[in-house]
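Geometric and topological summary
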Amino acid sequence: MKIDSAKTLRVFLFELAIYAVLVVTYFFFVLHYLGDWLHELALHHHYYYAGLAIVLIVGQAVMLEALTTFLLKLIGGRSE
């Protein structure tokens, strides 16, 4: 039982590290490519900005989960 806990903890920490790298990469990608456009949208079109922000948040969550699951399966880790 202790071995399973240690293995689960290692997989969790590995998945957390993958998430951290992907989230930081996503943040800088959006900031670099969409930053100015999102800023203008936020200043002049509040409702469109709010809708787009929700779409970006949901899209980020779905893509990060799918990518992390794929990477863990590729590496051989256990994904739940």
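Reading the values: rules and limits
- Residues numbered from 1 in each chain as written.
- Predicted model: local features only at pLDDT ≥ 70, side-chain atom pairs only at ≥ 80, totals over all residues.
- Heavy atoms only, no water.
- Helix = DSSP H or I, 4+ residues; strand = E, 2+ residues; numbered from the N terminus.
- Buried < 20%, exposed > 50% of the residue type's maximum accessible area, 1.4 Å probe, protein only.
- Lys, Arg positive; Asp, Glu negative; His and termini not counted.
- Charge placed at Lys NZ, Arg CZ, Asp CG, Glu CD.
- Polar contact = N/O pair within 3.5 Å; in protein donor to acceptor, adjacent residues only side chain to side chain.
- Contact = heavy atoms within 4.5 Å.
- Patch = residues over 30% accessible without salt bridge, like charges linked within 9 Å, V, L, I, M, F, W, Y side chains within 5 Å.
- Areas by Shrake-Rupley, 256 points an atom, 1.4 Å probe, with all protein chains shown as cover.
- Salt bridge = Lys/Arg side-chain N within 4 Å of Asp/Glu carboxyl O.

**Here we look at the overall build of the protein**
Along the backbone of the protein there are 2 helices and 0 strands. In terms of principal-axis extent, the alpha carbons of the protein reach across some 55 × 20 × 20 Å. Burial statistics for the protein: of 80 residues in total, 12% are counted as buried. One way to put it: in the protein the 5 positive side-chain charges average out to a point 20 Å from where the 6 negative ones average out.

**With respect to the side chain of Thr 68**
On the secondary structure map, Thr 68 appears in helix H2 (residues 46–75). Here the side chain of Thr 68 touches Leu 64 through a polar contact of 2.7 Å, landing on its backbone oxygen. Among all residues touching Thr 68, those that are not within four sequence positions of it are Glu 15, Ile 18, Tyr 19 and Leu 22.

**Thoughts on a nonpolar patch on the surface**
A surface patch of nonpolar side chains, about 510 Å² in accessible area, is lined by Phe 14, Leu 67, Phe 70, Leu 74 and Ile 75. Here the element with the most residues in the nonpolar patch is H2; it accounts for 4 residues. Its location among the elements puts Ile 75 in helix H2. Relative accessible area serves as the criterion here: at 54%, Ile 75 is assigned to the exposed category.

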